[in-house]
Amino acid sequence: MSLLFKSREAILALAILVLLAVVAARFPAFVTPGNLANVLTDTSPLIILALGQMAVILTKCIDLSMAANLALCGMVAGLMNIAGVPLPLILLAVLVLGAALGAVNGALVWGLRIPSIVVTLGTMTIYRGVIFLLTDGKWINAHQMSAGFKAFPRTFLLGLPVMTWIMIAVVLAFWLLVSRTPLGRAFFAVGGNAHAAVYTGISVGRTQFAAFVLSGALSGFTGYLWVARYAVAYVDIAGGFELDVVAACVIGGIAIAGGAGSVAGAVMGALFLGIVKNALPVVGISPFWQMAISGSAILIAIAFNARGQGPKGRIILKSAEHRQVEAGA
Amino acid sequence: MTTPVAGRRVPDRLISPARRALFSWETLLFVIAVAVFLANTIASPYFLDPWNLSDASFNFTEKALIAFAMALLIIAGEIDLSVASIIALASTVMGAAMTAGFPTPVLVMLGIGTGLLCGAFNGLLVARFGLPSIVVTIGTMSLFRGISYIVLGDGAYTGYPDDFAFFGQGYVWWVITFELALFVVFAVVFGLLLHATSFGRTVYAIGNNATAARFSGIREGRVRFVLFLLTGVMSGIAAVCLTSRLGSTRPSIATGFELEVVTMVVLGGVSILGGSGSIPGVVIAALVMGLVTFGLGLLNVPGIVMSIIIGALLIGVIALPRLWSMVKR
């Protein structure tokens with residue numbers, strides 16, 4: 001029992017249940033299976049991206065360019081659709097383009113050893129800027145997209161839209177990857193202890209590169225889903241979404257210092273944010289609260305996660321530290 | 001690194017100081033600044049006009065004010081991504097106070113005070129609770145701006161008093177704007193603080209080896225806290241200038257400033273990993289960025305294309321020296 005309470009995933013699951021219960025107490029319609037399925041569908045892009053981000057964060061990096069990658073690939077998907085390219089080719093193209101954009105990040109991190117935060121801060125603006133260069137800032141609207149292009153993620157299959165099924169498939173594949181493949185274990189090894197990883201024959205740079213390619217491919221594919229579902233593409237779609245993705249990971253207990261985290265955590269972190277976002281209008285709070293709430297959730301989550309970590313300093317400084325803390329307090 | 005072979009002459013000093021100054025990052029930047037200046041003069045007949053140049057200084061003064069404090073923070077091995085959001089919150093507080101009828105001196109004090117409090121909040125979480133500054137400030141980035149959105153929604157504060165306009169629109173002498181004067185004053189203040197005080201030495205010490213700094217008796221937590229405080233205050237001052245210049249407050253004010261500030265600092269030769277950098281470098285980097293954006297503006301290059309260039313600049317300035325040293329090897 002105490003083990004259950006120590007697990008981050010269990011606490012997070014509890015938090016989600018409490019959240020649902022609070023909303024349901026006043027608005028029972030929110031927890032009907034139909035509405036919960038809607039929330040799940042609505043949160044699918046966040047879940048998919050959070051998994052990609054998780055791989056990157058596990059290797060001690062961060063990918064801030066995911067939302068820009070998503071927007072660029074979404075725009076390319078829209079443009080290809082206008083040009084009359086068949087849907088399977090579009091899907092393949094966004095997957096490859098997304099992976100290529102991720103590979104750019106990965107190559108700079110791997111080859112030139114530039115800190116990932118600098119690389120992706122830079123590529124974030126570059127990728128968004130490229131959308132403007134492609135389109136001159138013009139929008140692609142619903143009437144310009146073909147019916148099949150828009151319908152695919154929204155087609156119902158066994159009671160859930162295709163988009164949700166894709167998300168579920170990605171979650172399962174990711175769980176397999178992380179827990180059952182050498183690459184997945186390498187993510188943890190590299191982030192947990194880079195030196196030890198090298199001694200066991202794992203290339204740190206190549207593993208980080210792989211994580212970036214993975215997060216890029218997922219971002220690119222989600223770009224298509226996003227544009228098709230909302231039936232609009234412009235420069236600023238998913239603006240600031242990279243922060244939601246990082247927030248989902250942090251809330252899900254993925255350690256920002258690398259090496260620790262779980263697929264279940266990332267999924268639940270994303271679900272937590274998704275439920276908050278969908279519950280706000282229901283309980284009558286302005287959507288403008290969303291940003292502050294996710295910010296607070298990040299801060300609470302990191303404070304909570306850090307609590308479990310051991311003391312930082314050496315033992316001989318402990319007594320001095322105590323005195324300093326007491327004097328400061 | 002090769003070990004010295006017996007019999008080979010080993011120089012007592014690797015590089016002479018004069019040679020080092022000649023080939024320093026600052027000298028290279030200065031040459032770039034002069035080159036950009038000349039290129040602009042040739043490219044546009046409107047460039048070399050004192051009033052135009054004075055107007056152009058608004059491109060960088062507000063960001064540079066924050067960059068000075070950010071440089072110290074990054075040298076100490078931390079980062080603050082919430083600076084743009086601090087501007088938004090400080091501006092919102094000033095707007096609310098203005099609506100309540102407070103006079104200009106109170107508005108200025110509230111703006112700077114809000115920056116101070118935000119910086120203290122970041123500093124507390126990082127220095128006192130030992131949380132990683134990247135995530136903390138990603139969290140406060142959404143929290144601070146989120147509060148602005150809660151207060152303002154899609155609205156705006158307008159109608160600041162006439163005497164408030166001085167900070168962003170006033171001239172101290174001839175073409176020298178108040179902001180430009182502030183830029184010069186703070187360049188000197190931060191230059192002295194970093195390069196001529198023991199506090200400045202502790203900043204380098206912490207950035208190079210925090211553990212060693214701790215063992216040599218530096219209260220590293222306190223120094224980190226002060227640095228976050230400084231960054232907050234400078235963001236507050238930038239908020240006063242920017243709000244005064246725009247004459248209005250929207251929650252989306254200063255979006256993307258954090259990227260440009262970090263770019264400015266890194267372009268100025270500050271190592272993103274901490275431990276090295278200088279204020280003169282940041283000053284020249286501010287001038288380079290100001291000149292580039294102003295020159296491109298004169299050539300009618302749209303803002304988003306400039307942001308591509310800024311992003312490429314950020315990656316390029318770190319990548320090129322590393323590529324160069326790889327090619328040489």
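Caption draft 1: Representation of the overall build of chain B within the structure. Regarding its fold elements, chain B presents 15 helices and 4 strands. Relative to the globule expectation of 20 Å for 329 residues, the C-alpha radius of gyration of chain B, 21 Å, shows essentially globular dimensions. When the backbone C-alpha atoms are referred to their principal axes, chain B occupies close to 80 × 55 × 35 Å. For chain B, buried positions account for 49% of its 329 residues.

Caption draft 2: The arrangement of the overall build of chain A in detail. Helix and strand content of chain A: 15 helices and 2 strands. Taken against the 2.2 N^0.38 rule, which gives 20 Å for 329 residues, the C-alpha radius of gyration of chain A at 21 Å falls within 12% of a compact globule. Judged by the C-alpha coordinates and their principal axes, chain A covers about 70 × 55 × 40 Å. Excluding contacts between residues fewer than 6 apart, the proportion of contacts in chain A whose partners are at least 24 apart in sequence is 78%.

Caption draft 3: Structural context of the environment of Gly303 of chain B. Take Gly303 of chain B: it is sitting in helix α15 (residues 303-328). Along the chain, Gly303 of chain B and Thr293 of chain B lie 10 residues apart, while their C-alpha atoms are 8.6 Å from each other.

Caption draft 4: Expanded view of helix α10 (residues 198-208) of chain B. Every buried residue of α10 of chain B is listed here: Thr202, Val203, Ala205, Ile206 and Gly207 of chain B. Looking at the buried side of α10 of chain B, the elements it contacts are α4 (61-75), α9 (178-196), α11 (210-215) and α12 (220-246) of chain B.

Caption draft 5: Quick peek at the environment of Trp289 of chain A. Positionally, Trp289 of chain A belongs in the loop between α13 (263-282) and α14 (290-307). Through-space distance from the C-alpha of Trp289 of chain A to that of Lys277 of chain A is 9.2 Å; in sequence the pair is 12 residues apart. Ignoring anything within four residues of it in the chain, the contact list for Trp289 of chain A reads Leu280 of chain A together with Ile150 of chain B.

Caption draft 6: Expanded view of the packing of helix α4 (residues 66-82) of chain A against helix α12 (residues 241-251) of chain A. Residues and elements named next belong to chain A. At a closest axis distance of 7 Å, the pairing of α4 and α12 adopts a crossing angle of 130 degrees. When the axis of α4 is compared with that of α12, the two are oblique. Across the interface between the two elements, Met66, Ala67 and Leu70 from α4 touch Phe241, Glu242 and Val245 from α12. Among the residues making up the contact of α4 with α12, the classes are represented as 5 nonpolar, no polar and 1 charged.

Caption draft 7: Expanded view of unusual backbone geometry. Although it is not a glycine, Lys60 of chain A sits at a positive phi angle of roughly 75 degrees. As for its position among the elements, Lys60 of chain A is in the loop between α3 (33-58) and α4. Given 20 C-beta atoms within a 10 Å radius, Lys60 of chain A is considered buried. At Trp174 of chain B, a residue that is not glycine, the phi angle is positive and equals roughly 45 degrees. Mapping Trp174 of chain B onto the fold places it in the loop between β2 (171-173) and β3 (176-177).

Caption draft 8: Structural view of the interface of chain A and chain B. At the junction of the two partners, chain A supplies 36 residues and chain B supplies 38 residues. Going through the elements one at a time, α6 (116-135), α12 and α14 of chain A are the ones with two or more residues in the side of chain A that touches chain B.

Caption draft 9: Expanded view of the packing of helix α5 (residues 83-99) of chain B against helix α13 (residues 257-267) of chain B. Residue and element names in this part refer to chain B. Where α5 meets α13, the closest approach of the two axes is 7 Å, and the angle between their N-to-C directions is 135 degrees. Viewed along their axes, α5 and α13 adopt a mutual orientation that is oblique. Contact residues: α5 offers Val83, Ala84 and Ile87, while α13 offers Phe257, Glu258 and Val261. Residues of the contact of α5 with α13, tallied by class, amount to 5 nonpolar, no polar and 1 charged.

What counts as what
- Residue positions within a chain follow its written sequence, with the count starting from 1.
- To label them, take the chains in the order written and letter them from A, then take the ligands in the order written and number them from 1.
- Since the coordinates come from a predicted model, pLDDT governs what is reported: local features require at least 70, and pairs of side-chain atoms require 80 or more to be given and counted, while whole-chain, interface and lining totals use all residues.
- Each helix is a run of H or I in the DSSP string that is no shorter than four residues. Each strand is a run of E no shorter than two, and both are numbered from the N terminus.
- For a compact globule the rule gives 2.2 Å times the number of residues to the power 0.38, and the radius of gyration it is set against comes from C-alpha atoms.
- To assign burial, the other C-beta atoms lying within 10 Å of each residue's own C-beta are counted, with C-beta atoms placed from the backbone; 20 or more indicates buried, 12 or fewer indicates exposed, and intermediate counts indicate partly exposed.
- Note on contacts: residues are paired as contacts if their backbone-placed C-beta atoms lie within 7 Å.
- Inter-axis angles, ranging from 0 to 180 degrees, are taken between N-to-C directions of lines fitted to C-alpha atoms, where helices are fitted over the stretch in contact.
- What sets the label is the angle itself: under 35 degrees gives roughly parallel, over 145 gives roughly antiparallel, 65 to 115 gives roughly perpendicular, and the rest give oblique.
- Under the scheme applied here, ten amino acids are nonpolar (Ala, Val, Leu, Ile, Met, Phe, Trp, Tyr, Cys and Pro), four are charged (Asp, Glu, Lys and Arg), and all others, including Gly, are polar.

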